[in-house]
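Residue-level structure breakdown
Chain by chain, the residues run as shown.
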Amino acid sequence: MKKLKTPAMLLLVAMATTACQQSDKQTAGQESTDSTATSKYLSDPVIEEIYTADPSAHVFDGKIYIYPSHDIDAGTPENDMGDHFDMNDYRVLSMDSVTGKATDHGVALSVKDVPWAGRQMWAPDAAYKNGTYYLYFPAKDKNDVFRIGVATAKTPTGPFKAEPKPIEGSYSMDPAVFTDTDGNSYMYFGGIWGGQLQRWNDGKYDPNGSKTDSQKEDETALAPRVAKMSKDMLSFDGPVKEVKILTKEGKEILTKDHDRRFFEASWVHKYNDKYYFTYSTGDTHYLAYAIGNSPMGPFTYQDKFMNPVQGWTTHHSIAEVKGKWYLFYHDTQLSNKTHLRNVKVAPLEHQADGSIKLIEPLKK
Ligand code: FUB
């Protein structure tokens, strides 16, 4: 989530924004209907009737389901803690294939139906086990502290019923639940700045937790978190741990290493018996990946696998559909506004050596 920028960064962002705006003006009104053959974008939005972001994609019973954030223009002023991402419900999308348009299945869960939640329903994820679908979602509680809740349904599209309290021991945002081939499930979570991860130390909340990276440039970067899920998928089965992302030399990644350090948007997929931990580097806007031998890590940083999209945030999921792998992501093609995003999908290629081929979201 957005952070304060240095003057040099502000200049770069301003130049990039102006470039995007100019380019959009040249094709005003056409972006939403452009075919990918003629537009500058790698792919088009899967749905244009509503704004969607942070897509967590799953295949349930052979059909693709996307659990996104539902972006709205709530009128909340923009600030560096992401208050303008002021979403108040979730919609589930489904697709018969990755090339078609998505169907919106209506409101799956609303903030008013979550007893503990106050505001800002951010990036969710979903899971299925033993006849029940689980929707995991971050929201700020009544004290404006991000927690992660869970809601259940008997169908993948809901409506979902929220548990009365957030998951005990959960905090920050961007939950992603990975179920391993042995049936064990793990939740990865956390995001810095607006995601409040910097306020949590040893599981304890400090509202005055570090506010700027500049004081900690030479320290180890904040780590995403992981916890094993209980058999009923409603709680953590064991302690929350830090996810270690190390360099190939086995060293910790430092805060100042903005191109590689974790920012938000964790995801895990398994390929050829290796665990791929993927994430957003946030203010450098890359998607990066690290590989490990256990779902709990450690993971070894490999490289970035997607260059910056149009828009400030970068958030993704990776899913296998009919034997092929796809990246679900978002940009701001439809609105050119940071907080009004649209979900997209593009092929993702694991190369023979296990590396992921770099994806360019904008054509050169
Ligand atoms: O959608 C709100 C936040 O923006 C998400 O939680 C982050 O990952 C970023 O995409």
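This write-up is about the structure you can find in this document.

Concerning the overall build of the protein
What the protein contains, in helices and strands, is 1 helix and 23 strands. A separation threshold of at least 6 residues defines the contact pool for the protein, and within that pool the share at least 24 residues apart is 55%. Total accessible area on the protein is roughly 15,600 Å²; 51% of this is exposed by carbon and sulfur atoms.

Section: the packing of aromatic side chains
For the structure on display, the rule yields 25 aromatic pairs. Measuring from ring centre to ring centre gives 5.9 Å for Phe189 and Phe236, while their planes differ by 10°; the resulting arrangement is stacked. Of this pair, Phe189 sits in strand 11 (residues 185-189) while Phe236 sits in the loop between strand 14 (225-228) and strand 15 (241-242), and the two are 47 residues apart along the sequence. Phe189 gets classed as buried once you look at its relative accessible area, which sits at 0%. With relative accessibility at 13%, the residue Phe236 sits in the buried group. Ring geometry for Phe262 versus Tyr279: centroids 5.9 Å apart, planes at 50°, classification tilted. Remark: Tyr279 occurs in strand 18 (residues 274-280) and Phe262 occurs in the loop between strand 16 (245-246) and strand 17 (264-271); sequence separation between them is 17 residues. Accessibility assignment for this pair places Phe262 and Tyr279 in one class, buried. Feature note: the residues Phe60, Tyr65, Tyr67, Tyr128 and Tyr133 constitute an aromatic cluster, connected by ring pairs. Looking at Arg260, its charged tip hangs above the ring of Tyr301, at a distance of 5.4 Å from the centre.

A look at the sheet that holds strand 23 (residues 342-347)
The antiparallel open sheet is built from 3 strands, whose spatial order is 21-22-23. Looking along the sheet, the strands with just one partner apiece sit at the ends: strand 21 (316-321) and strand 23. The mean inter-strand angle of the sheet, taken between neighbouring strand axes irrespective of direction, is 30°. Of the pairings in the sheet, the one linking strand 22 (residues 324-331) to strand 23 comprises 6 bridges and is antiparallel in character. Counted as the bridge partner of Asp331 is Asn342 from strand 23.

So, how was this worked out
- Residues numbered from 1 in each chain as written.
- Predicted model: local features only at pLDDT ≥ 70, side-chain atom pairs only at ≥ 80, totals over all residues.
- Heavy atoms only, no water.
- Helix = DSSP H or I, 4+ residues; strand = E, 2+ residues; numbered from the N terminus.
- Contact = heavy atoms within 4.5 Å.
- Areas by Shrake-Rupley, 256 points an atom, 1.4 Å probe, with all protein chains shown as cover.
- Phe/Tyr/Trp six-rings, centres within 6.5 Å; stacked < 30°, edge-to-face > 60°.
- Buried < 20%, exposed > 50% of the residue type's maximum accessible area, 1.4 Å probe, protein only.
- Lys NZ or Arg CZ within 6 Å of the ring centre and 35° of its normal.
- Pairing = 2+ DSSP bridges.
- Axes fitted to C-alpha atoms, helices over the stretch in contact; angles between N-to-C directions.

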